[in-house]
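Letter by letter, the chains look like this.
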Amino acid sequence: MSYEIINTSVAEYKKLVESLHSESFEMMVDLTVVDWFRKKEPRFEVVVQFLSVSKNERKTVKVFVDDEELSIPSITDIYPSANFYEREAYDMFGINFLEHPDLTRILMPDDWNGHPLRKNYGSGRIPVQFKNAPKVE
Amino acid sequence: MFDFWATNSEEGGWNISSTDEGSQKMLEEENEKQIKIQTGTDVIDDFVIDEDTSDDERMIVNMGPQHPSTHGVLRLQAELEGEVVRRVKPIIGYLHTGMEKTGEELNYFQGPTNTTRMDYLSPLFNELVFSLTTEKLVGIEVPDRAKNIRILMTELNRISSHLVALATGGMDIGALSMMIFGFRERELILNFFEKTTGLRMNHNYIRPGGVAADLPDGWQKDIEEILKIIPEKLQDYDDMLLDNPIWKGRLQNVGILTTEECFAYGVTGPSLRASGHSWDLRKAQPYSGIENFEFEVPVLNEGDVFARWRIKVLEIFESLKIVEQALNKMPKGPYKVQDKKITPPPRKRLDESMEALIHHFKIYTEGFKVPEGDAYVAIESPRGELGCYIVSDGSSKPYRMHVRGPSFCNLQALPVIMTDSPIADAVAAIASLDPVIGDVDR
Amino acid sequence: MYTPDNILTTTIDKAVRWSRTQSMWPVTFGLACCAIEMMAAGSAKYDLARYGMEVFRASPRQADLMIVAGRVSQKMAPVLRQVYDQMADPKWVIAMGACSSTGGMFNNYALVQGVDHIVPVDIYVPGCPPGPQSLMHGILTLHDKIMGGEINR
């Protein structure tokens, strides 16, 4: 089994994914984000894992997302399996996937503030919040 | 069209008009492209909405999150036309535990405690994938005995997980004896787990550098008993269900998933193999020395719910073969890496050696340091490809720990299976995909 | 006064408490790992039916006891409260496992740190996950509590 890591840019990303799809990489198995807060510039790195079942190969695509725009093209039209993963990345890191069919929060409640997996989001204990509950003074 | 919500509730607070779960509602009808992508019609082409149907015949039914046959807290929003499901949207997150955030606060030695609680039907696989990724980053090779114990335990875990899948699947469809049978046989394996690891579930047994403890005395006897009893009981299942006309009529040609759809939606594991494609990471990308074991990869071509049920039974037989070989050729030797920096010394040494005490203290308080880098390792869990992606920044805690749960991805295929099929088949479809919500939401 | 052999005398109080303990129907509220152990408790080996409790009701309207089996996330919390409110009085709650009792090992943004923040809890069952025996011990403790308590609650 071969394993290859490809670093690319946001502009080239979609083209690269299309070429991977045509190179019989049938599955997009994983998409996640690494937050290099104060360690690297730009801050967010999208890591996508591709699997070719016919060739028994894996490829990892890494893209750094611009800090200002925080957006990257969605690949749901090429790989429908990216749908949930992109929504998860949006929910947890606040990355915008352009032209995603339904970019809403997936794991957290809709009225949640912030993106929990960012490094500057605390992880500590928080009180219970009810939706639409009247505020206790 | 959103005014009917079958939530069993008389209180108004749960209706869509008065909650702010607005963006979770169904997509607007006129946006054809969104509907297509969401329902997966870019791959299959059987999505038909009859424009002549009046609104009286359409309704939106909420199934879950508290529903006995959604295998946990899965919520499905289905748009029905009469009795036929036209659109369905799985809504997840009701069991989101923030384990990836917690994983960044635990060091590598404590990591399996966290990951084992993700997919609670196959906890040992979660520990294994975390340990393998850590070992890949550190660059250590575990001893043969540890590898063999890992294979033995994970394959037993595969059997117990499939037994629960068969049991709950039977229960959902109405074969209640199947539920009783499945859980009865699972107890056998859980007893062995309890003897070995101390817990029935959530073991934290497989750790970076080996396993937590050696197999208990007389473990061969227990395994032999399991190897003797389980095939007999599987025969019982076959006698009861394989030629059962009700069971077959209920499941055959229901919820068909083709290989192309599996690829498009990232479906792996038994569901992919039931659709006619032989793909098993144990064969294709072997881990932990499983290439030294002889077993077959069962493949069925139908791709329906019956095939997905049947393939789990066949896989249990194959796992039993692996367990038998692991029993017969268990090598002697250490069960963990003899590296003082990575695995703690045995308890007895603490009374004798100051150095051992220091290493023990260091490992349990600080953990061990892992060189910078990242790694993705995937193994074949009972539900498909279970991957773990760890980014290390050189400290003793993962900088980022991400687990690719197979259920999360498999669940995306649910709209494909359920669209344009009767609502009564929905439960069978969910049960056949065997999602574990702990793995979906993490 | 003559009483036939097949009549027992008791107090209303005792009879009510006894009947409550002997047919306590739980609502299926399986959330995570503990739900599997709850199912194991209901299956052949442990057999919850001995306590008249094997009827796991899917509808909260027909249930007396909610076994919160597993971790409760912030998203699930309103649903849990809704199900609790739908249950008919008198009702009891068992928090099964470390996560639903205290939040367990997951002290983070996503989980409710103990289900007692949302609903009143009668019995806490420790363990991660508690085995079926522990759950049964919790149930028997709840029976004791009901037998020894007031009937108005």
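Here, every reference points to the structure presented above.
Anyway, here's the lowdown on the structure attached to this text. Position numbers for residues count from 1 along each chain, tracking the sequence in the order it is written. Going through the entries in the order they are written, you letter the chains from A and number the ligands from 1. Reporting of local features is limited, given that this is a predicted model, to residues whose pLDDT is at least 70; pairs of side-chain atoms are given and counted only at 80 or more, and all residues count toward the totals for whole chains, interfaces and linings. To obtain the side-chain values, all non-hydrogen atoms of the structure were used and water was disregarded.

1. Concerning the overall build of chain A
Quick reminder of the rule: Here a strand is any run of E in DSSP of at least two residues, a helix any run of H or I of at least four, and the numbering for each starts at the N terminus. Under the scheme applied here, a residue whose accessible area is under 20% of the maximum for its type counts as buried, over 50% as exposed, and between as partly exposed, the area being computed with a 1.4 Å probe on protein chains only. In these tables, accessible area is a Shrake-Rupley quantity obtained with a 1.4 Å probe, and a residue counts as shielded only by the protein chains included in the view.
Counting its secondary structure elements, chain A contains two helices and six strands. The proportion of buried residues among the 137 residues of chain A is 58%. Counting every atom, chain A has about 6,100 Å² of accessible surface; 48% of that belongs to carbon and sulfur.

2. A look at the interface of chain C and chain B
Cut-off, in case you're wondering: In this analysis, two residues are considered to be in contact whenever any of their non-hydrogen atoms come within 4.5 Å of each other. Accessible area that two parts lose when put together, with a 1.4 Å probe and added across both, is what the buried area reports. Criterion for a salt bridge: a side-chain nitrogen of Lys or Arg within 4 Å of a carboxyl oxygen of Asp or Glu.
Opposite the 36 residues of chain C that make contact, chain B presents 45 residues. Summed over both partners, the interface of chain C with chain B buries about 3,400 Å², with 62% contributed by carbon and sulfur atoms. Looking at the side of chain C facing chain B, the largest losses of area belong to C:Ile36, C:Arg71 and C:Lys75, adding up to 17% of the total buried there. Viewed at the interface, chain B and chain C are joined by one salt bridge.

3. Considering unusual backbone geometry
Backbone phi values are negative for most residues with the exception of glycine, while trans is the configuration of most peptide bonds. The peptide bond linking A:Glu41 to A:Pro42 adopts the cis configuration, its omega dihedral lying at -10°. Structurally, A:Pro42 is set in the loop between strand S2 (27-35) and strand S3 (44-52). The amide bond that connects C:Asp89 to the next residue, C:Pro90, takes the cis arrangement and shows omega of -10°. Summarising the element assignment, C:Pro90 is placed in the loop between helix H3 (77-86) and strand S3 (92-96). You will see that A:Glu99, though not glycine, has its phi angle at about 65°, which is positive. The residue A:Glu99 is located in the segment after strand S6 (96-98) in this model. Overall, A:Glu99 belongs to the exposed group, its relative accessible area being 69%.

4. Thoughts on the nonpolar core
Going by this rule: As used here, the term nonpolar core means buried Ala, Val, Leu, Ile, Met, Phe, Trp, Tyr and Cys residues forming a set that is joined through side-chain atoms within 4.5 Å.
Among the nonpolar cores identified, the biggest contains 118 residues, and A:Phe50, B:Tyr120, C:Met66 and C:Val72 are the most heavily contacted of them. The contacts of A:Phe50, once residues within four sequence positions are left out, are A:Val17, A:Leu20, A:Phe25, A:Met27, A:Met28, A:Glu57, A:Arg58, A:Lys59, A:Val61, A:Ile75 and A:Tyr79. Residues B:Ile149, B:Leu188, B:Val297 and B:Ala428 belong to the second largest nonpolar core, which totals 78 residues.

5. Considering the sheet that holds strand S8 (residues 398-404) of chain B
Picture the strands of a sheet paired through backbone hydrogen bonds; they go either parallel or antiparallel. All names here are of chain B. For clarity, the cut-off: The criterion for strand pairing is that DSSP finds at least two bridges linking the strands in question. Orientation is described by axes fitted as lines to C-alpha atoms, over the contacting stretch for helices, and by angles from 0 to 180 degrees between their N-to-C directions.
The strand order across the open sheet built from three strands is S6-S7-S8, with neighbouring strands paired in antiparallel fashion. Single-partner strands in this sheet number two, and they are strand S6 (373-381) and S8. Neighbouring strand axes in the sheet, compared pairwise and without regard to direction, differ in orientation by 15° on average. In this sheet, S8 lies alongside strand S7 (residues 384-392) in antiparallel orientation, the contact comprising six bridges. Bridge pairing in S8 places Ser-392 opposite Pro-398.

6. Observations regarding the interface of chain A and chain B
Spelled out, the test is: Under this definition, polar contacts are N or O atom pairs within 3.5 Å; protein pairs additionally need one hydrogen-donor-capable and one acceptor-capable atom, and for neighbouring residues in sequence, both atoms have to be side-chain atoms.
At the junction of the two partners, chain A supplies 49 residues and chain B supplies 49 residues. The junction of chain A with chain B conceals about 4,300 Å² of combined surface from both sides, 55% of it contributed by carbon and sulfur atoms. Counting the surface chain A buries against chain B, the share from its top three residues, A:Met27, A:Phe84 and A:Leu107, is 14%. The interface formed by chain A and chain B contains six salt bridges. The closest approach of N and O atoms between A:Lys39 and B:Asp393, which form a salt bridge, is 2.9 Å. Summed over the shared surface of chain A and chain B, the result is 23 residue pairs in polar contact (both at pLDDT 80 or more).

7. Topic: the side chain of A:Glu86
Residues and elements named next belong to chain A. To keep things clear, this is the line we draw: Charge assignment: positive for Lys and Arg, negative for Asp and Glu; neither His nor the chain ends contribute.
The residue Glu-86 is located in helix H2 (residues 82-93) in this model. The side chain of Glu-86 is buried and forms no salt bridge, while Lys-14, the nearest opposite charge, is found at 8.0 Å. At 2.7 Å, the side chain of Glu-86 and the side chain of Ser-74 are in polar contact. Only 3.0 Å separates the side chain of Glu-86 from the backbone nitrogen of Ile-75, close enough to count as a polar contact. If we ignore the near neighbours within four places in the chain, the residues touching Glu-86 are Leu-31, Ser-74, Ile-75, Thr-76, Phe-97, His-100 and Leu-103.

8. Quick look at the environment of B:Phe181
All names here are of chain B. Counting through the fold element by element, Phe-181 comes out in helix H6 (residues 176-197). In sequence terms Phe-181 and Leu-327 are 146 residues apart; their C-alpha atoms lie 25 Å from each other. Excluding residues that lie within four positions of it along the chain, Phe-181 makes contacts with Tyr-237 and Met-240.

9. Describing the packing of aromatic side chains
Worth spelling out the cut-off: Planes of paired rings set the category: under 30 degrees apart is stacked, over 60 is edge-to-face and the rest tilted, where pairs are Phe, Tyr or Trp rings (Trp by its six-membered ring) whose centres lie within 6.5 Å. A ring has a charge above it when a Lys NZ or an Arg CZ is no more than 6 Å from the ring centre and no more than 35 degrees off the ring normal.
Evaluated as defined, the whole model comprises 12 aromatic pairs over all chains. When the ring of A:Phe84 is compared with that of B:Phe408, the centres are 5.6 Å apart and the planes differ by 55°; the resulting orientation is tilted. With A:Phe84 in helix H2 and B:Phe408 in helix H15 (residues 406-410), this pair bridges two chains. Summarising the aromatic geometry, the rings of A:Tyr121 and C:Tyr109 are spaced 6.0 Å apart at their centres and angled 85° between planes, so their arrangement reads as edge-to-face. On the criterion of chain membership, the pair formed by A:Tyr121 in the segment after S6 and C:Tyr109 in the loop between helix H4 (98-102) and strand S4 (123-125) is interchain, its members lying in two chains. Members of the aromatic cluster, joined through ring pairs, are A:Phe84, A:Tyr85 and B:Phe408. Above the face of the B:Phe295 ring, B:Lys283 is positioned so that its terminal group lies 4.3 Å from the ring centre.

10. Considering the side chain of B:Ser421
Residues and elements named next belong to chain B. With respect to the secondary-structure elements, Ser-421 resides in the loop between helix H16 (414-418) and helix H17 (424-433). In terms of polar contacts, Ser-421 uses its side chain to reach the backbone carbonyl oxygen of Met-418, at 2.8 Å. Setting aside residues no more than four positions away along its own chain, Ser-421 makes contact with Glu-83, Val-84 and Val-85.

11. Details of the sheet that holds strand S4 (residues 57-65) of chain A
Residues and elements named next belong to chain A. Pairing in this open sheet of four strands is mixed, and the strands run S1-S4-S3-S2 from one edge to the other. Whereas interior strands pair on both sides, the edge strands pair on one side only; in this sheet they are strand S1 (2-8) and S2. Looking at each pair of strands side by side, their axes are set apart by 20° on average, direction ignored. Note that S1 and S4 share seven bridges and pair parallel. Its bridge partner lying in S4, Ile-5 is registered against Thr-60. Seen against the sheet, H2 touches S2 and S3 and runs at an angle of roughly 10° to S2.

12. Some points on the pairing of S2(A)
Residue and element names in this part refer to chain A. Of all nine residues in S2, nine are buried; the element is thus mostly enclosed. Sheet topology places S2 next to S3; eight bridges connect them, and they run antiparallel. By the bridge assignment, Thr-32 is partnered in S3 with Val-47.

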